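Spelled out from the first residue to the last, the chains are:
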Amino acid sequence: MLWDERVAALFRRNLQPTLTYWSVFFSFGLCIAFLGPTLLDLRCQTQSSLSQITWVFFAQQFCLLIGSSNSSLAQSLAALFASSFAISLVFAIIPFCHNVVVLAVVMAMAGLAMGCIDTLSNMQLVRIYQKDSAVFLQALHFFVGFGALLSPLIADPFLSDTNCILNNATANSTSNLPHIRKSLVPHHLGNLSHYDLPMKGLVVTRVSYAFWIMALINLPVPIAVFFLLYKERLVPCCNVGSPPLLAADELALETRMAEKDDHPAMSPKGHDDLFRCCQSKNYRGVPCSYFAIHVAGALVLFMSDGIVGEYSGFVYSYAVEEPLSVMHKEAGYLPSLFWGFITLGRLISIPVSYRVKPFLSLQIGVLATFLLLLIFSYSVVFLFVGTACLGLFLSSTFPSMLAYTEDILQYRGCATTVLVTGAAFGEMVLQLLVGSVSGSYSFLVCGTIFGALAFTFYIFLSEKVAYDLTCSVPSWGASEHLLK
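About the criteria used
Residues numbered from 1 in each chain as written. Predicted model: local features only at pLDDT ≥ 70, side-chain atom pairs only at ≥ 80, totals over all residues. Heavy atoms only, no water. Helix = DSSP H or I, 4+ residues; strand = E, 2+ residues; numbered from the N terminus. Buried < 20%, exposed > 50% of the residue type's maximum accessible area, 1.4 Å probe, protein only. Contact = heavy atoms within 4.5 Å. Axes fitted to C-alpha atoms, helices over the stretch in contact; angles between N-to-C directions. Parallel < 35°, antiparallel > 145°, perpendicular 65-115°, else oblique. Left-handed = near helix turned anticlockwise from the far one by under 90°. Nonpolar A, V, L, I, M, F, W, Y, C, P; charged D, E, K, R; others polar. Core = buried A, V, L, I, M, F, W, Y, C linked by side-chain atoms within 4.5 Å. Salt bridge = Lys/Arg side-chain N within 4 Å of Asp/Glu carboxyl O. UniProt positions renumbered as here; feature names shortened; annotations may be inferred. Patch = residues over 30% accessible without salt bridge, like charges linked within 9 Å, V, L, I, M, F, W, Y side chains within 5 Å. Areas by Shrake-Rupley, 256 points an atom, 1.4 Å probe, with all protein chains shown as cover. Expected span 1.5 Å × (residues − 1). Arc of directions from axis to C-beta. pLDDT = per-residue confidence, 0-100. Polar contact = N/O pair within 3.5 Å; in protein donor to acceptor, adjacent residues only side chain to side chain.

Overview of the overall build of the chain
Then comes step 1: Along the chain, the regular secondary structure elements total 21 helices and two strands.
Then comes step 2: Taking all 484 residues of the chain together, 57% fall into the buried category.
Then comes step 3: Counting only contacts in the chain whose residues sit at least 6 apart along the sequence, the fraction spanning at least 24 positions is 84%.

This is the structure in structure tokens:
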């Protein structure tokens, strides 16, 4: 039997909230992957240059980081409803953004919504399932992969095959469009800056239909969150009497009531946002190992999610350059192959994570794959094989690390907020770092270094910090100073 009866009963009791959080993460995936393929059509729509339109990437990623670090659990369902509805709204209004600054503001709003979804969905599932959360987190991150795969497929039929701004210079640049589209990386033009794409002329693009389709596909998600709000009697017009607690809060009260009686400072309030977590008054008397766990876990995901961002962003450019010189069309399959195996790996990890915790094997696999890619750097076949393997090894890093760190802290720290923020920061920063380094092999060398650092931080976390914690504080519940 895949699950024991206790976990199955817990899942049945929290079926609606769990399915709702999974669907909200589908919105996250849908929104995170559409910008790359559609960016050239959006450049035509806003009649901007390549350097101007790539700032839209930065606006989304920077605000995603802010949203991840500034989410409070107190109004989580209301925030999730607003965020998921905002994503549908963003999809609907993007076709009306004919100025690149307006588009950047709209994408910044999408980034804030995505950051809120990222933190709150992970946080709530951890609170509901606690020590059994690994399998449900794997399913959660499968849905973001599924959304990220679906979004480019929806957009593809509506992308322009020729330059979508028609003027006398169009004929000279149309043949480069597929290569430019696949080479675009957030806020990094690389060797694309020499392309002179027209900015004035007749705009002919059908990409608006793709955004409207995605808006309709995403619309059931805020509706599902609204039904959960209604069930919990958190809708103002339907709020009769005192609203019941969420299932997550009920579970927290059941498991912590005895501790609260003995230690009034221990409160089941849950996680705060990153800024409240960092207030020093909350941590008087807390051992250094407590902070080391948060920092080490965040650094592991800073490196791991950074690898995902830099590999998916730069693998196409690496393949088409010397020494591999892969044809543009064949190289274009590499990012899709990478994300496809990430999604497949997350699907496989749903049943696997309930029985085993393979995080160490995943880190070794990531590092070994990068080393083999360096050794066989002249092999096109191994580039495709290595891309698939890397996707599998990286697929469940985030949910496995989050569940592991929360388990060490016995679900009383700020691990979810800190780790989500660290991952978002790594995905943004490491892409910029790799883009600033020249040389064809720098892409793989940087990935190897990041993989080695992630492995080192994980060893530090699993061996030294956990050992020190066991020796110095036998139980987190024994410290009445923790999380005042």
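Next comes the rest of the description.
Here we look at unusual backbone geometry
Then comes step 1: Non-glycine residue Gln47 carries a positive phi angle of around 50°.
Then comes step 2: Summarising the element assignment, Gln47 is placed in the loop between α3 (35–46) and α4 (50–53).
Then comes step 3: Residue Gln47 is classed as partly exposed on the basis of its relative accessible area, which comes to 28%.

Comments concerning the packing of helix α8 (residues 133–155) against helix α16 (residues 333–355)
Then comes step 1: Orientation of α8 relative to α16, taken along the N-to-C sense of each, is 160°, at an axis distance of 8 Å. As summarised for this structure, α8 and α16 are arranged roughly antiparallel, according to the angle between their axes. The crossing of α8 and α16 is left-handed. On α16, the residues that touch Ala134, Val135, Gln138, Ala139, His141, Phe142, Val144, Gly145, Phe146 and Leu149 of α8 are Trp339, Gly340, Thr343, Arg346, Leu347, Ser349, Ile350, Ser353 and Tyr354.
Then comes step 2: Here the residues of the contact of α8 with α16 are counted per class, giving eleven nonpolar, seven polar and one charged.

Things to note about the nonpolar core
Then comes step 1: Phe34, Phe91, Ile94 and Met107 are the most contacted members of the largest nonpolar core, which totals 91 residues.
Then comes step 2: For this core, the element with the highest residue contribution is helix α7 (residues 100–129), accounting for 17 residues.
Then comes step 3: If we skip the residues at most four places from it in the chain, Phe34 touches Gln60, Phe91, Ile94, Met107, Ser151, Phe211 and Met214.

Details of the pattern of salt bridges
Then comes step 1: The tally for this structure, following the rule as stated, stands at two salt bridges.
Then comes step 2: When the shortest N-O distance is used, the salt bridge between Glu5 and Arg12 registers 2.8 Å.
Then comes step 3: According to the relative accessible area criterion, Glu5 is partly exposed, its value standing at 49%.
Then comes step 4: A relative accessible area of 51% places Arg12 in the exposed class.
Then comes step 5: Where Arg6 meets Asp132, a salt bridge forms, and the shortest distance between an N and an O atom there is 2.6 Å. Placement of Arg6 in helix α1 (residues 5–13) and of Asp132 in the loop between α7 and α8 is noted, with a sequence separation of 126 residues between them.
Then comes step 6: For Asp132, a relative accessible area of 10% puts it in the buried group.

Let's talk about the UniProt feature "transmembrane region" (unreviewed entry) in the chain
Then comes step 1: In this structure's numbering, the residues bearing the UniProt feature "transmembrane region" (unreviewed entry) are residues 21–40, 100–121, 133–154, 209–230, 290–311, 331–352, 414–434 and 440–461.
Then comes step 2: Span residues 290–311 is 100% helix and 0% strand, its end C-alpha atoms 32 Å apart.
Then comes step 3: What you have in residues 414–434 is 95% helix and 0% strand, and the ends, taken at the C-alpha atoms, are 30 Å apart.

What to know about a nonpolar patch on the surface
Then comes step 1: Where nonpolar side chains cluster on the molecular surface, the patch consists of Phe85, Leu89, Met109, Leu216, Leu219, Ile223, Phe226, Phe227 and Tyr230 and spans about 850 Å² of accessible area.
Then comes step 2: Of all elements in the fold, only α6 (76–93) and α11 (220–231) reach the threshold of two or more residues within the nonpolar patch.
Then comes step 3: The element contributing the most residues to the nonpolar patch is α11, with four residues.
Then comes step 4: Position of Ile223 relative to the elements: it lies in helix α11.
Then comes step 5: Given the relative accessible area of 42%, Ile223 is considered partly exposed.

Description of helix α2 (residues 15–32)
Then comes step 1: Between its first and last C-alpha atoms α2 spans 26 Å; for 18 residues at 1.5 Å apiece the expected length is 26 Å, and the two agree.
Then comes step 2: Burial runs high along α2: 14 of the 18 residues are buried.

Quick word on α11
Then comes step 1: With twelve residues, α11 should reach 16 Å at 1.5 Å per residue; the first-to-last C-alpha distance of 16 Å fits that figure.
Then comes step 2: Residues Val221, Pro222, Val225, Leu228 and Leu229 constitute the buried set of α11. Summarising the axial view, the buried residues of α11 lie within an arc of 115°, below the 170-degree limit, and thus occupy one face.
Then comes step 3: In this structure, the buried residues of α11 make contact with α2, α6 and α10 (207–218).
Then comes step 4: Positive backbone phi, approximately 55°, marks Arg233, located one or two places after α11.

With respect to the confidence of the model for the chain
Then comes step 1: Scored by pLDDT, the chain has a mean of 77; 73% of the residues are at 70 or more.
Then comes step 2: Every residue in residues 241–270 scores below 50 in pLDDT, and together they form 53 contacts with partners more than four places removed in sequence or on other chains.
Then comes step 3: Ignoring residues within four places in sequence, the model shows residues 473–484, a span with pLDDT below 50, making 37 contacts including any to other chains.

Here we look at the environment of Ile293
Then comes step 1: Along the chain, Ile293 falls in helix α14 (residues 288–320).
Then comes step 2: A sequence separation of 112 residues divides Ile293 from Thr405, and the C-alpha atoms of the two residues are 7.2 Å apart.

Quick word on the side chain of Ser400
Then comes step 1: Topologically, Ser400 is positioned in helix α19 (residues 397–408).
Then comes step 2: Overall, Ser400 belongs to the buried group, its relative accessible area being 11%.
Then comes step 3: Excluding residues within four positions of it along the chain, Ser400 makes contact with Gln138, Phe359 and Leu362.

What to know about the environment of Phe226
Then comes step 1: Note on placement: Phe226 falls in helix α11.
Then comes step 2: Taking the relative accessible area as the measure of exposure, Phe226 reaches 33% and is therefore partly exposed.
Then comes step 3: Every residue in contact with Phe226, bar those within four places of it in the chain, is listed here: Phe81 and Val235.

A word on the environment of Ser48
Then comes step 1: As for its position among the elements, Ser48 is in the loop between α3 and α4.
Then comes step 2: The class for Ser48 is buried, based on a relative accessible area of 1%.
Then comes step 3: Counting along the chain gives 52 residues from Ser48 to Val100, while the straight-line C-alpha distance between them is 6.7 Å.
Then comes step 4: Side chain to side chain, Ser48 and Thr46 meet in a polar contact 2.9 Å long.

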